[in-house]
Amino acid sequence: MRYLQNIFRILLGAAMTFAGIGHLSFQREEFLAQVPRWLPTDPAFMDFVVLSSGVVEISLGLALIFWIKQKAKVGIALAIFYILIFPGNISQYTNGIDAFGLDTDQKRLIRLFFQPVLILWALWSSGAFPYLKKLKSKKQS
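S.K.: Any chance you could break down the pattern of salt bridges for me, citing the residues and the numbers?
M.R.: Scanning all chains against the criterion turns up 4 salt bridges. Where Arg28 meets Asp47, a salt bridge forms, and the shortest distance between an N and an O atom there is 2.5 Å. In this pair, Arg28 is assigned in helix H2 (residues 28-32) and Asp47 in helix H3 (residues 43-66), connecting sequence segments 19 residues apart. A residue is classified by how much of its surface remains accessible, and Arg28, at 27% relative accessible area, is partly exposed.

Now the structure itself:
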């Protein structure tokens, strides 16, 4: 099981790093569509959100791959990141914004159900579940 977890951890880290690079370059416009519309819509601010989240994605992706001693903590941080960016996915759905091939309400709605999968993937592949269980048992004793 550990071998499979490591493969999935590295795949997720690579995907995050690739997505982060996309934020900074070739998919920048697409990621602008996911900035929640309840945030300021000033183009410079929206671009800052895209760029800064790209830097965070690259950092978390590389940390997930290479910072093995802290992989559980990185997995937890990545899960929290996925929760924090979820409003952008909701905004894309509620405002009917086309991006990344999500050009219908049905596709945008289906996309929302993948966020919990990413959260679980980050926690499982990084070994965060046993880590959190261990922390909980330490607190109780």
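This is not the end of the story, as more comes after the structure.
S.K.: Break down the packing of aromatic side chains for me, with residues and values.
M.R.: Inspection of every chain in the model, using the stated rule, returns 5 aromatic pairs. Seen from their ring centres, Phe8 and Trp124 are 5.8 Å apart, and the 70° between their planes marks the pair as edge-to-face. Of this pair, Phe8 sits in helix H1 (residues 2-24) while Trp124 sits in helix H6 (residues 114-125), and the two are 116 residues apart along the sequence. Overall, the relative accessible area of 31% leaves Phe8 in the partly exposed class.

S.K.: So what's going on with H3? Which residues, and what values?
M.R.: Under the 1.5 Å per step criterion, the end-to-end length of H3 is 34 Å for 24 residues, consistent within 8% with the ideal 34 Å. Along H3, the positions that sit buried rather than exposed are Met46, Val50, Ser53, Gly54, Glu57, Ile58, Leu60, Gly61, Ala63, Leu64 and Ile65. Turning to H3, the residues buried within the fold contact H1, H2 and helix H4 (71-94).

S.K.: Let's hear about the layout of surface pockets: which residues, and what values?
M.R.: Empty space within the largest pocket amounts to approximately 690 Å³. Around the largest pocket sit 29 residues that line it, and His23, Phe31, Gln34, Glu57 and Ile85 are the ones nearest its centre. Elements represented by at least two residues in the lining of the largest pocket include exactly H1, H3, H4 and H6. The biggest single contributor to the lining of the largest pocket is H4, with 7 residues. Taken together, the residues of the lining of the largest pocket sort by class into 20 nonpolar, 7 polar and 2 charged.

Reading the values: the criteria
Residues numbered from 1 in each chain as written. Predicted model: local features only at pLDDT ≥ 70, side-chain atom pairs only at ≥ 80, totals over all residues. Heavy atoms only, no water. Salt bridge = Lys/Arg side-chain N within 4 Å of Asp/Glu carboxyl O. Helix = DSSP H or I, 4+ residues; strand = E, 2+ residues; numbered from the N terminus. Buried < 20%, exposed > 50% of the residue type's maximum accessible area, 1.4 Å probe, protein only. Phe/Tyr/Trp six-rings, centres within 6.5 Å; stacked < 30°, edge-to-face > 60°. Expected span 1.5 Å × (residues − 1). Contact = heavy atoms within 4.5 Å. 1 Å grid on protein atoms, 1.4 Å probe; cavity = no way out; pocket = protein on both sides within 12 Å on 5 of 7 lines; lining within 4 Å. Points joined across faces, edges and corners; volume = space filled by probe spheres on them. Nonpolar A, V, L, I, M, F, W, Y, C, P; charged D, E, K, R; others polar.

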